[in-house]
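Examination of the molecular architecture
This is what each chain is made of:
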Amino acid sequence: MLQGWLSAQSITVTGIITDTLHKPISGVTVKAGRHSTLSQENGTYSIAIEPGTKTISFSALGYPQTILPVTGPTLDATLHSADNVLNDVVVVGYGTQKRNQVIGSVAQLQGSELSKRTSPQLTQSITGQLPGITVIQRSGQPGAVGASIQIRGVGSFGAGTDPLIVVDGILVTSLNNIDPNDVETFSVLKDASSAAIYGARAASGVILITTKTGRSGKFRIAYNGYAGLQKPTKLPSYAGSAEYATLINEAQPGSYTDAQVQKFRDGTDPDNYPNTNWFDATLKSSAVQTGHNLSITNGNERSQYLLSLGYLNQGGIIAKNNLQRYNARFNLTSNLSRNLKLTTRFAAIQSYDNEPSTPGGMDYSTTQDIIGQVVRYSPNYVIRKSDGSYGTGINNTGTPASALESASFYKDKSTNLESSLRLEWTILDGLKFTALASYSQVNERTTLFRATQKLTPTITDQPSSLTEGFYNNNYKTLQTFAEYHKQVRRHEFTILAGHSYESAYNETNTSFRSNLPGNDITVIDAGDASTQSNTGNAAEWAIDSYFGRLQYNFAHKYLIEGVARRDGSSRFPSTQKYGTFPSVAAGWRISEERFLKNRFSWLDELKLKASYGTLGNQNIGNYPYQRLLATGHNYSFGNTIATGVGLDTLTDSQLHWESTRTKDVGIEVSLWKQFLSFTATYFDKYTYDILVSPSSSVSSVIGLAPGVQNSGKLSNKGWEFTVNHRNTLGKFSYTVGVNFSIINNKVLDLGVGNVKQPNGLVGNGTNLFIGHPMNVYYGYVADKLYANAADVTAYTASANQSAVNPKPQPGDIRYKDISGPGGKPDGVVNAAYDRQVLGSTIPHYTYGINLGARYSDFDFSVLLQGVSGVSGYLNNYAGWAFYNTAGIQRWQADGRWSPANPNPNAAYPRLELITNQGTPNTATSSFWVVNGAYLRVKSIQLGYSLPASIARSLGIEGARFNLAAENLFTFSHYREGWDPEVNSSGAYYPILANYTLGVNVNF
């Protein structure tokens, strides 16, 4: 009956395609006769069936073709394969490889995993998801989160250590302008065998991003959006004004009378005895964040296109602060002929960053500085008096609250245009030639207006001023390369050879005038011409490169790969301009051997791999070897000042590449059809000829600052582990993924910076010492607090503290006698012999735990992320009570030593008034270096997908709704009220959590 019905009429068949975990699969090619289509993001499809068509085929990358009989207008398909993950394609430099043939260290995320996150910037979305990748976020400021990416540690103490970022084959400088909805794959190249193809700039790792392209089939529209609120993860709590006055009296008796304390307490005279909560007065309890993306795809056999439009609006938790970003991307693939394909890509990013600033009379102006003053201000300063006038604050120039009500502002408008053409010519079977040309341009304008503000009838904060900055950068590249792939029986090889030329030119101009006639006209011409100043500069660089790669495998079980790249950089002298960066790798798929293959059904994959090679670093200034004449050396000629130039820096004419030699050994195991998989990798990165300016180790008597030179060695060794488990129990399926990394960072040599300290350590005396990690805290070892006067007498008798604390008192920090001139404790504590390395800002351990579950139409995921073996430090306003008129935080007040609480293990020393010069108790010591380890619930999400039948009745392909939260909870032993990723002296922007409701609809 059914067969006759199918033969008699055309029908439309719809359904949903899932994997064995009931997870929807997008991009599946669905064919029925001469008709074909692709499944949507939620796995749904719709295809016309002509009379006589009896079967539909389903095929996708990583899955064998599945053919099902047509049984009616609804047909769901489940794709499953014993090695579906092993056959996935991994994006590598200038190409792709099957995962089971990858022998370099490459970690990859799919764009679908990133687009589900509601982080405002792509950098935050990858946190905790990739082994060996450490993302440290120091700020929550919209548009300036300050997140840094470390790939297998920090690779230099001189040159820049940011990874190279390549999007669709083109160099970019930041991840954070990329809309996560546009990302197809996100790959990280971590070792020499995978990254050496990028040679001179790959020492800190390479990030490769491919963006989505159009697909043939029906016209498709997809919308992905969310809206929600942001809140600070942590905020410090402060003592109120009455308690503040009481504690000030404890620190300095007689500062406030009992009557004054009572007025603070009862609030009868708020003009003169206020009780101000500065965080409540200046920061919002929450801010709105919303993101939207609309994509359109269509195409046929000749051409396919994707148009993507994105919008992000992230509000700040302080007045006048928000970021708006507009993204547009158009990718067009044109099959010009049977063997000629042209890919055109165009992207535009427009961002508007709005921030508050301060009136002209204040000695700070940035957003973070304003919040830093909020951290500083004590509760006994009034915001606004009963007569409407502002409180004049500490310096009679106003308070952070009055500054936020001024007409001052900072604006940053940035326009980023990116374009590229990629022509691929298949000359003959297996031989392809590619030419890639790209041009990008960044234009940025900044405006800082500092207004006048009337605080009281007699005090006006002035003068006003206007500073405008203009920045322009142009980047061009032309890349050509050919690839030949051939398989002869069981031998398979691929050869790649190419050339790349890149150049960039940037220029900056600033102009300044003060004394504008009012706060309403904010243009340069309105300012006082007699106060004007301007600056301008320009720079350019170029790099010329030749590269090649040879890959060979026998029977898909013995794998060999060799890579070489030769780079010439304008940043080095002609005799040292070119450097060669080779690598070699080998792999053995033991599971393909006869003694294992098909004998153990539970073994999917067992692979050993190893690599060795050298990578480069040139992340320094554009003219480090040249004797540049600097402006600013003006001189008097007659009665006028003439502009002069002079030599400031002593340069090295033999400057050359910084190099990193890497070794990598790993194992990959997959069992029971991906039920359980495991990887382990050991890596050894040795960096030498470090590009550094050793200013702290060189005398200045010659009158010139030392320039960049090759000096120093550094090591990063460690392990990376991943464990993944997945299972299906009826309608319920779940996944568990764990990644864990151990990184041992160690300074081996500082070259001319090798200064032997009296205590035997060799280093610069501050944050770099041989045998220790980079970025260390260096100071005294605290040995509790003096409990009482008897304790002071007894302890100082064996460890004289006079060099550090001439007059120790009960409640002061006791410092250990570590060593002396003879290499042993000598009964005297001083800076020469009794300081040591106390910790580092580089995490020793990083980890992430990904949990996912699905039941019917519901899905749930949790990402946990953390670090350990890392130290933090809060000082000045952030760490010390009563510093330079500052308030006192709750943890300081409650945990302090006092005559009533003479606890030698108290969390805070005796209270004292601290000036800018500090006190013996504020010397850098282990007392102030805190454990920076944490475990964070980075992301949690609950989703619901409409059943296909309901979606069809609504005229849509599918829809998914979700509730999500980012940075939900943090568990740590850090200072109360402070996020463990924040190291600050006071100026900072709280890290934000967000809570959103989102929807994804496919039409």
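Below is a short write-up of the structure. Keep in mind it's a predicted model, so treat the numbers as computed, not measured.

1. Things to note about the packing of aromatic side chains
- Within this structure, the stated rule accounts for 40 aromatic pairs.
- Between Tyr877 and Tyr883, the ring centres sit 5.2 Å apart and the planes meet at 65°, which makes this aromatic pair edge-to-face.
- Judged by centre distance (5.7 Å) and plane angle (70°), the rings of Tyr908 and Trp928 are edge-to-face. One end of the pair, Tyr908, is in the loop between α12 (890-895) and β53 (929-931); the other, Trp928, is in the loop between α12 and β53, with 20 residues separating them in the sequence.
- Residue classification places Tyr908 among the buried residues on the basis of a relative accessible area of 3%.
- Ring pairing ties together the aromatic residues Tyr877, Trp880, Tyr883, Trp891, Tyr908, Phe927 and Trp928, which thus form one cluster.
- Over the ring of Tyr934 we find Arg936, and its NZ or CZ is 5.0 Å from the ring centre.

2. Some words on unusual backbone geometry
- Residues Gln462 and Pro463 are joined by a peptide bond in cis, for which omega reads 0°.
- Along the chain, Pro463 turns up in the loop between β25 (460-461) and β26 (465-488).
- One non-glycine residue, Asn598, adopts positive backbone phi at about 65°.
- Residue position: Asn598 is located in the loop between β30 (578-589) and β31 (603-617).
- Unusually for a residue other than glycine, Trp672 sits at a positive phi of about 50°.
- Take Trp672: it is sitting in the loop between β37 (658-671) and β38 (676-688).

3. Observations concerning the pattern of salt bridges
- All chains considered together, the criterion is met by 29 salt bridges.
- Two residues, Glu912 and Arg910, come together in a salt bridge whose shortest N-O distance is 3.6 Å. A single burial state applies to Glu912 and to Arg910, both of which are buried.
- The salt bridge involving Glu981 is made with Arg936; its shortest N-O contact spans 2.9 Å.

4. Things to note about the nonpolar core
- Among the nonpolar cores identified, the biggest contains 69 residues, and Phe882, Ile888, Tyr908, Leu911 and Trp978 are the most heavily contacted of them.
- Of the residues forming this core, the biggest block, 6 residues, is contributed by helix α5 (residues 241-251).
- Setting aside its immediate chain neighbours within four residues, Phe882 contacts Tyr244, Leu247, Ile248, Ala251, Gly887, Ile888, Leu911, Glu912, Leu913 and Ile914.
- Listed in part, the 40 residues of the second largest apolar core include Val106, Ala192, Ala196 and Ala202.

5. Focus: the pairing of strand β43 (residues 732-749)
- Strand direction decides the pairing type here: strand β42 (residues 713-729) and β43, joined by 17 bridges, are antiparallel. Note that in β43 the partner of His725 across the bridge is Val736.
- Between the end of β42 and the start of β43, which pair antiparallel, lie 2 residues, with Gly730 showing a positive phi angle near 65°.
- Bridge count between β43 and strand β50 (residues 845-855): 11 bridges; the pairing is antiparallel. Residue Gly737 lies in a different strand from β50, and its bridge partner there is Asn850.

6. A short note on the sheet that holds strand β14 (residues 170-172)
- Taken together, the 5 strands give an open sheet; going across it, the order is β10-β15-β16-β13-β14, and neighbouring strands pair in mixed fashion. Both edges of this open sheet fall to β10 (106-110) and β14, since each of them pairs with a single strand only. Geometrically, the sheet is characterised by an average inter-axis angle of 25° between neighbouring strands, direction not taken into account.
- In this sheet, strand β16 (residues 206-211) lies alongside strand β15 (residues 183-189) in antiparallel orientation, the contact comprising 6 bridges.

7. Side note on helix α8 (residues 367-376)
- In terms of burial, α8 is a largely internal element, 8 of the 10 residues being buried.
- Taken residue by residue, α8 has Thr367, Ile370, Ile371, Gly372, Gln373, Val374, Val375 and Arg376 as its buried positions.
- Elements that come into contact with the buried residues of α8 comprise α7 (278-282), β21 (340-355), α9 (400-404) and α11 (876-879).

8. Concerning the sheet that holds strand β2 (residues 29-32)
- Strand order across the open sheet formed by 4 strands is β3-β2-β5-β6, with antiparallel pairing between neighbours. Each end of this open sheet is capped by a strand with a single partner; those strands are β3 (35-38) and β6 (63-69). Direction aside, the axes of adjacent strands within the sheet are offset by 20° on average.
- Of the strand pairs in this sheet, strand β5 (residues 55-60) and β6 are connected by 5 bridges, and their pairing is antiparallel. Counterpart to Ser57 in the pairing with β6 is Ile67.

9. A closer look at a nonpolar patch on the surface
- On the surface, Phe600, Trp602, Trp672, Phe675, Leu676, Phe678, Val723, Val736, Val738 and Leu851 cluster together into a nonpolar patch covering about 770 Å² of accessible area.
- Contributions of two or more residues to the nonpolar patch are made by β38 and β43.

10. Describing the side chain of Thr185
- The residue Thr185 is located in strand β15 in this model.
- Looking at Thr185, its side chain comes within polar contact range of the side chain of Thr210, at 2.5 Å.
- Those residues in contact with Thr185 that lie beyond four places of it in its chain are Val91, Gln108, Leu109, Gln110, Gly111, Leu208, Ile209 and Thr210.

What counts and how
Residues numbered from 1 in each chain as written. Predicted model: local features only at pLDDT ≥ 70, side-chain atom pairs only at ≥ 80, totals over all residues. Heavy atoms only, no water. Phe/Tyr/Trp six-rings, centres within 6.5 Å; stacked < 30°, edge-to-face > 60°. Helix = DSSP H or I, 4+ residues; strand = E, 2+ residues; numbered from the N terminus. Buried < 20%, exposed > 50% of the residue type's maximum accessible area, 1.4 Å probe, protein only. Lys NZ or Arg CZ within 6 Å of the ring centre and 35° of its normal. Salt bridge = Lys/Arg side-chain N within 4 Å of Asp/Glu carboxyl O. Core = buried A, V, L, I, M, F, W, Y, C linked by side-chain atoms within 4.5 Å. Contact = heavy atoms within 4.5 Å. Pairing = 2+ DSSP bridges. Axes fitted to C-alpha atoms, helices over the stretch in contact; angles between N-to-C directions. Patch = residues over 30% accessible without salt bridge, like charges linked within 9 Å, V, L, I, M, F, W, Y side chains within 5 Å. Areas by Shrake-Rupley, 256 points an atom, 1.4 Å probe, with all protein chains shown as cover. Polar contact = N/O pair within 3.5 Å; in protein donor to acceptor, adjacent residues only side chain to side chain.

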